[in-house]
Amino acid sequence: MPTETAAAAWRKKAAFNQRLTTLSPSSEESAAFLDLKADSRTIRARQEIISEGRRCTSVFLISEGMAMRYRILRDGQRQILNLILPGDFAGVTNCFFESALYSIRTLTNAVVSPIPLARLMALFDTHPGFAAKVLRLLARDAAMCAEHLIGVGRRSAPERLAHFLLEMLTRLQAKGLASERSYRLPLTQEMISDALGLSIPYVNRILHQLRDDGLVRIDNQMVVIEKMEELSVLADFELNYLMPLSVSELQGQAGLG
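Residue positions are counted from 1 within each chain, in the order its sequence is given. Totals for whole chains, interfaces and linings use every residue, but because this is a predicted model, local features are given only for residues with pLDDT of at least 70 and side-chain atom pairs only at 80 or more, for both listing and counting. With hydrogens and water excluded, all non-hydrogen atoms of the structure serve as input to the side-chain values.

A.B. asks: Looking at this structure, how should I read the overall build of the chain?
C.D. replies: Along the backbone of the chain there are ten helices and eleven strands. Counting over 257 residues, the chain shows a buried share of 48%. Contacts are assigned to residue pairs that have any heavy atoms within 4.5 Å of one another. Taking the contacts inside the chain whose residues are at least 6 apart along the sequence as the reference set, 73% of them involve residues at least 24 apart. For the chain, the accessible area works out to roughly 12900 Å², and carbon and sulfur atoms hold 53% of it. A run of H or I in DSSP counts as a helix once it spans at least four residues, and a run of E counts as a strand once it spans at least two, with each numbered from the N terminus. Buried, partly exposed and exposed residues are distinguished by accessible area as a fraction of the type maximum, computed with a 1.4 Å probe on protein chains only: under 20%, between the cut-offs, and over 50%, respectively. Per-residue accessibility takes into account occlusion by the displayed protein chains alone, with areas from the Shrake-Rupley method and a 1.4 Å probe.

This is the structure we're talking about:
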């Protein structure tokens, strides 16, 4: 069961392992990495980077800002699959299919670097360590998708929302974009409902419940976790799925270090 001490340890580990959620290229990889970002461009909030159903041959490195990956269903409902933060790649999955399976839209003003998939794969040949770091990011994304599926399938609505808020806190702390207990979340209640598979009135009711219980306060898109221990217990939140092993740790396990 999570405790306040455990929560503090998580935050310390998240800060220490910032490399796990960013590419953090080594000195020999830096030039190639900077070359990938050379074509960066600023995109305004609420603009589509990738549109479902269209051919996609490039992945997108988000350097600044936040975006979301989502799909519009036949009846017009939207399911938000995940949020994309600085240092994350967007659109990798779409490149491996005839047309994009999901859309990606900026939530804030963002700095984005389009990278042709062929160019990225060529870099894997010349910089295998960089390729391993990218694969680690993709492994973390797959783990997050699995955790979200567990949430939708097995967690109650309050547990689902609490888990979502704690996940965002942990991810943003690792990027240096959140304080010990607070962060900015540029989402409307409609977006939160689309991410969690809940109705807007239900999300509103749960947020009021969490606030009345003194657990969470949200004001003008600022999320403040008032009681870390209690919220962690409610969500049964463990952050291991957000902390994949580093390349050096994997090499050590394999006796390659």
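A.B. asks: What is the right way to read the packing of helix H5 (residues 128–154) against helix H6 (residues 157–174) from this model?
C.D. replies: Angle between the axes and distance between the axes: these two values describe a pair of packed helices. Where H5 contacts H6, the two axes come as close as 10 Å, and the packing angle between them is 160 degrees. Judged on the interaxial angle alone, H6 and H5 are roughly antiparallel. The handedness of the crossing between H5 and H6 is right-handed. Where H5 abuts H6, its residues Arg140, Met144, Glu147, His148, Gly151 and Val152 lie against Arg160, His163, Glu167 and Arg171. Classification used: nonpolar for Ala, Val, Leu, Ile, Met, Phe, Trp, Tyr, Cys and Pro, charged for Asp, Glu, Lys and Arg, polar for all others including Gly. Split into classes, the residues belonging to the contact of H5 with H6 amount to two nonpolar, three polar and five charged. Orientation is described by axes fitted as lines to C-alpha atoms, over the contacting stretch for helices, and by angles from 0 to 180 degrees between their N-to-C directions. Small angles under 35 degrees read as roughly parallel and large ones over 145 as roughly antiparallel, with 65 to 115 read as roughly perpendicular and the rest as oblique. Should the near helix be turned anticlockwise from the far one by less than a right angle, the crossing is left-handed, and should it be turned clockwise, the crossing is right-handed.

A.B. asks: When you look at the sheet that holds strand S11 (residues 222–225) in this model, what are you seeing that I'm missing?
C.D. replies: By way of backbone hydrogen bonds, the strands of a sheet pair with one another, either parallel or antiparallel. Here, a strand pair is defined by DSSP locating no fewer than two bridges between the strands. The three strands lie next to each other as S9-S11-S10, forming an open sheet whose pairing is antiparallel. Pairing within the sheet leaves two strands with one partner each, and these edge strands are strand S9 (182–184) and strand S10 (216–219). Pairwise comparison of adjacent strand axes, ignoring direction, gives a mean angle of 15 degrees for this sheet.

A.B. asks: Help me out: how do you make sense of the sheet that holds strand S3 (residues 58–64) in this one?
C.D. replies: Here we have four strands laid out as an open sheet, ordered S1-S8-S3-S6, and antiparallel in their pairing. Every interior strand has two partners, whereas the edge strands, strand S1 (41–43) and strand S6 (89–90), have only one. Bridging between S3 and strand S8 (residues 110–116) involves six bridges; their strand directions are antiparallel. Bridging from a neighbouring strand, Phe60 pairs with Pro114 of S8.

A.B. asks: How should the pattern of salt bridges be read in this particular structure?
C.D. replies: If charged atoms from side chains of opposite charge come close, those side chains can pair. A side-chain nitrogen of Lys or Arg and a carboxyl oxygen of Asp or Glu constitute a salt bridge if their distance falls within 4 Å. Scanning the entire structure with this criterion turns up eleven salt bridges. With a shortest N-O distance of 2.6 Å, Asp141 and Arg140 are connected by a salt bridge. By sharing partners, the salt bridges in this structure join Asp88, Arg140, Asp141, Arg171 and Lys175 into a single network.

A.B. asks: Please explain the nonpolar core as it appears in this structure.
C.D. replies: Generally speaking, a soluble globular protein has its nonpolar side chains buried in company with each other. Think of a nonpolar core as a cluster: buried Ala, Val, Leu, Ile, Met, Phe, Trp, Tyr and Cys residues, connected wherever their side-chain atoms sit within 4.5 Å. One finds Leu83, Leu161, Phe164, Met168, Tyr183 and Leu185 to be the most contacted residues of the largest nonpolar core, which totals 42 residues. Elements supplying a minimum of two residues to this core: strand S4 (67–72), strand S5 (78–84), H6, helix H7 (189–196), helix H8 (200–212), S11 and helix H9 (228–235). For this core, the element with the highest residue contribution is H6, accounting for nine residues. Ignoring any residue separated from it by four or fewer positions in sequence, one finds Leu185 in contact with Leu83, Phe164, Leu165, Met168, Gln221 and Val223.

A.B. asks: What exactly am I supposed to notice about the packing of aromatic side chains here?
C.D. replies: The relative placement of two aromatic rings is captured by the distance of their centres and the angle of their planes. Any pair of Phe, Tyr and Trp rings, taking the six-membered ring for Trp, is counted once the centres come within 6.5 Å. Such a pair is stacked with planes under 30 degrees apart, edge-to-face with planes over 60 apart, and tilted for the rest. Evaluated as defined, the whole model comprises one aromatic pair. Residues Phe237 and Tyr241 carry aromatic rings whose centres are separated by 6.4 Å and whose planes lie at 80 degrees to one another, so their mutual orientation is edge-to-face. Each member of the pair Phe237 and Tyr241 is classed as buried. Its end group placed over the ring of Tyr102, Arg69 keeps NZ or CZ at 4.9 Å from the ring centre. Here, over-ring charges are defined by two tests on the NZ atom of lysine or the CZ atom of arginine: distance to the ring centre within 6 Å, and angle to the ring normal within 35 degrees.

Nothing here speaks to function; it is all geometry.
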